[in-house]
Amino acid sequence: MTASHPTLKRTYSERASDPSTGPLASYLLRLISIKKTNLCLSADVETSAELLALAEQVGDSICVLKTHCDIITDWTDRTAKSLRDLAQRKHFVIFEDRKFADIGGTVQKQYTSGHYKIAQWAEITNAHILPGPAIVTALKAAADATVTKYNTTVHTEISASPRLSAHSGDEDVANVPEHALESLAEGEDRKLGMPAEKDRKCSIVSVSTTISTRTESISPRPSSGEHTADAFDTQASLTRLGEPPFLRSLLLLAEMSSEGALLTGEYTEKCIEIARQNRDFVMGFIAQRSLNSEEEDNFITMTPGVQLPHPGEEGKKLGDGLGQQYNSPHNIVFEKGCDIIIVGRGIVNAKDRLEEAERYRQEGWKAYISRIGKKA
Ligand code: S5P
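Residues numbered from 1 in each chain as written. Predicted model: local features only at pLDDT ≥ 70, side-chain atom pairs only at ≥ 80, totals over all residues. Heavy atoms only, no water.

### So, the overall build of the chain
Link 1 in the chain: When helices and strands are tallied, the chain shows 14 helices and 12 strands.
Link 2 in the chain: With 376 residues in all, the chain has 51% of them scored as buried.
Link 3 in the chain: As displayed, the chain offers around 17000 Å² of accessible surface, 52% of which is attributable to carbon and sulfur atoms. (Helix = DSSP H or I, 4+ residues; strand = E, 2+ residues; numbered from the N terminus. Buried < 20%, exposed > 50% of the residue type's maximum accessible area, 1.4 Å probe, protein only. Areas by Shrake-Rupley, 256 points an atom, 1.4 Å probe, with all protein chains shown as cover.)

Now the structure itself:
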């Protein structure tokens, strides 16, 4: 890290207003500023119901929700739809941690089609640069095609008032809040074009078709202005911020948190070089420190390998016994200059996930405030 780089002392909001910041990165920085959270939840759970319940539970405390859709055993289009609905209601951005690492032609297919169709529902994804710079340009072309298609699509909305049967007997489903289930069910109806289960009670069904030529891809970044809690009520500010622009962005894996990772030195430098050549698509890095060093760099650094030590374990080297290495939010944000902490098991395995998410949110925010040395 260049200790004196301007991004280290600037607020998220100031960085959002930088003319060189892309609309999606700008949106995310404003969202962070309004919600006062630089916490990304790594929702590494194994069923759609668990994923949605978790997002519902901690959605207010996070700015980004990170998925590994391929570890969700029952992932369908309706999982994606329900997650998008939750992201809209709880105001967070979705990051699919796909770690693409193949030739251009293959990653385009992996990104846009197959079972997961990642480009349709995840604003952010990530890639290794192992295959060379074409992985970035190929993913960008695929993202552009997805955005263009969306912007010129005929959207057919079918809404109903379905209820999953109360006797479903599925423990995970039983734990999902009702409105999350509603959107899950609604997504299924939309997919199939009819009530998904015979034991659902559907009341009024309305169909509306919109032929839209959307302009989000070229729309300017959200309106500027400081979004401090002092100035605005958080909810009002979020309403004013609105939905994220329908755009896609990439993070490059420049460093990894695991012991003995080979993403170091020259490799990391090459990663930064490729990112600079693709500033309109690459919003930042997965790295263990800020990699901004040139004056115009304003990359967002998202950092995994974060856990709060248990009382008495402060200063101890923490890991999971499988190569993962943990640092504290203070170390990552204050000392290493990173922007977003990525926390998985630290929250997912907690007895009270919301309470723990709030603890991480507060620690991450405190470290940021200390770093910039002023009130956000
Ligand atoms: O270097 C990395 C990059 C990533 S994206 N190290 C990581 O651990 N990750 C991901 O972050 C990993 O795949 C997992 O989803 C999450 C960390 O989870 P935790 O439970 O160890 O906090």
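So that's the structure; there's more coming.
### Some points on the pattern of salt bridges
Link 1 in the chain: Evaluated as defined, the whole model comprises 25 salt bridges.
Link 2 in the chain: In this structure, Asp77 and Lys117 form a salt bridge, with 3.6 Å as the shortest nitrogen-oxygen distance. Taken together, the residues Asp77 in helix α4 (residues 77-90) and Lys117 in the loop between α5 (104-112) and α6 (118-121) connect sequence positions 40 residues apart.
Link 3 in the chain: Residue Asp77 is classed as partly exposed on the basis of its relative accessible area, which comes to 32%.
Link 4 in the chain: Its salt-bridge partner being Lys81, residue Asp85 comes within 2.5 Å of it at the nearest N-O pair. (Salt bridge = Lys/Arg side-chain N within 4 Å of Asp/Glu carboxyl O.)

### A few points about the pairing of strand β1 (residues 39-42)
Put simply, side chains in a regular strand alternate between the two faces of the sheet.
Link 1 in the chain: The alternating pattern of β1 places Leu39 and Leu41 on one face and Cys40 and Ser42 on the opposite face, and all of these are buried.
Link 2 in the chain: With 3 bridges connecting them, β1 and strand β12 (residues 340-343) associate as parallel partners. Along β12, the bridge assignment pairs Leu41 with Val343.
Link 3 in the chain: In this fold, the crossover linking β1 to strand β2 (residues 64-67) by way of helix α3 (residues 48-58) has right-handed handedness. (Pairing = 2+ DSSP bridges. Right-handed = clockwise from strand over helix to strand, strands pointing away.)

### Describing the site of the ligand
Link 1 in the chain: Residues in contact with the ligand amount to 15 residues; listed here are only the nearest, Asp44, Lys66, Ser257, Tyr326 and Arg345.
Link 2 in the chain: Between an oxygen atom of the ligand and a side-chain N or O atom of Lys99, the distance comes to 3.4 Å.
Link 3 in the chain: At 2.7 Å, a backbone N or O of Arg345 approaches an oxygen atom of the ligand.
Link 4 in the chain: In isolation the ligand exposes 490 Å². Once the protein is present, 91% of that is buried.
Link 5 in the chain: A breakdown of the residues in the shell around the ligand according to their chemical character gives 5 nonpolar, 5 polar and 5 charged. (Near = heavy atom within 4 Å. Polar contact = N/O pair within 3.5 Å; in protein donor to acceptor, adjacent residues only side chain to side chain. Nonpolar A, V, L, I, M, F, W, Y, C, P; charged D, E, K, R; others polar.)

### Some words on the nonpolar core
Link 1 in the chain: One finds Leu28, Leu252 and Met302 to be the most contacted residues of the largest nonpolar core, which totals 92 residues.
Link 2 in the chain: With 8 residues, helix α2 (residues 23-35) is the largest single contributor of residues to this core. (Core = buried A, V, L, I, M, F, W, Y, C linked by side-chain atoms within 4.5 Å.)

### What about the state of the cysteines?
Link 1 in the chain: Going through the model one piece at a time under the given rule, you end up with 0 disulfides.
Link 2 in the chain: With no disulfide partner, Cys40 has as its closest neighbouring cysteine sulfur the one in Cys63, 6.6 Å distant.
Link 3 in the chain: Exposure remark for Cys63: the relative accessible area of 0% places this residue in the buried category. (Disulfide = S-S within 2.5 Å.)

### Considering the packing of α3 against helix α14 (residues 353-372)
Link 1 in the chain: Between α3 and α14, the least distance of the axes is 9 Å, while the angle of their chain directions is 55 degrees. When the axes of α3 and α14 are compared, the pair comes out oblique. Taken as a pair, α3 and α14 cross one another with a handedness that is right-handed. For the pair α3 and α14, contact is made by Leu54, Gln57 and Val58 and by Arg353, Leu354 and Ala357, respectively.
Link 2 in the chain: Grouping the amino acids of the contact of α3 with α14 by side-chain chemistry returns 4 nonpolar, 1 polar and 1 charged. (Axes fitted to C-alpha atoms, helices over the stretch in contact; angles between N-to-C directions. Parallel < 35°, antiparallel > 145°, perpendicular 65-115°, else oblique. Left-handed = near helix turned anticlockwise from the far one by under 90°. Contact = heavy atoms within 4.5 Å.)

### Remarks on unusual backbone geometry
Link 1 in the chain: For Lys99, which is not glycine, the phi torsion reads 50 degrees and is therefore positive.
Link 2 in the chain: Positionally, Lys99 belongs in strand β3 (residues 93-100).

### Side note on the packing of aromatic side chains
Link 1 in the chain: Scanning all chains against the criterion turns up 8 aromatic pairs.
Link 2 in the chain: Arranged with centres 4.7 Å apart and planes meeting at 55 degrees, the rings of Trp365 and Tyr368 form a pair that is tilted. With a gap of 3 residues between them, Trp365 and Tyr368 both fall in helix α14, about one helical turn apart. Residue Trp365 shares its accessibility class with Tyr368, and that shared class is buried.
Link 3 in the chain: The rings of Tyr12, Trp365 and Tyr368 are connected pair by pair, giving a single aromatic cluster.
Link 4 in the chain: When the ring centre of Phe246 is taken as origin, the NZ or CZ atom of Arg248, which lies over that ring, is 4.3 Å away. (Phe/Tyr/Trp six-rings, centres within 6.5 Å; stacked < 30°, edge-to-face > 60°. Lys NZ or Arg CZ within 6 Å of the ring centre and 35° of its normal.)

### Examining α14
Link 1 in the chain: Its 20 residues place the ends of α14 28 Å apart at the C-alpha level, agreeing with the 28 Å of an ideal helix rising 1.5 Å per residue.
Link 2 in the chain: Those residues of α14 lying buried are Arg353, Glu356, Ala357, Tyr360, Arg361, Gly364, Trp365, Ala367, Tyr368, Arg371 and Ile372. When α14 is viewed along its axis, its buried side chains cluster within an angular range of 165 degrees and face the same direction. Opposite the packed face of α14, turned more than 90 degrees from it, sit the exposed residues Glu355 and Lys366.
Link 3 in the chain: Put simply, Asp352 is the residue that caps the front of α14, since its side-chain oxygen is 3.2 Å from the backbone nitrogen of Leu354. (Expected span 1.5 Å × (residues − 1). Arc of directions from axis to C-beta.)

### Notes on the environment of Cys338
Link 1 in the chain: With respect to the helices and strands, Cys338 occurs in the loop between α12 (329-335) and β12.
Link 2 in the chain: Using a relative accessible area of 0% as the deciding quantity, one classes Cys338 as buried.
Link 3 in the chain: In the structure, Cys338 is positioned 300 residues away from Asn38 in sequence and 9.7 Å away in space, judged by C-alpha atoms.
Link 4 in the chain: Look past the residues within four positions of Cys338 in its chain and what remains in contact with it is Ala287, Gln288, Arg289, Ser290, Thr301, Thr303, Ile332, Val333 and Arg371.

The values are spatial; any link to function lies outside them.
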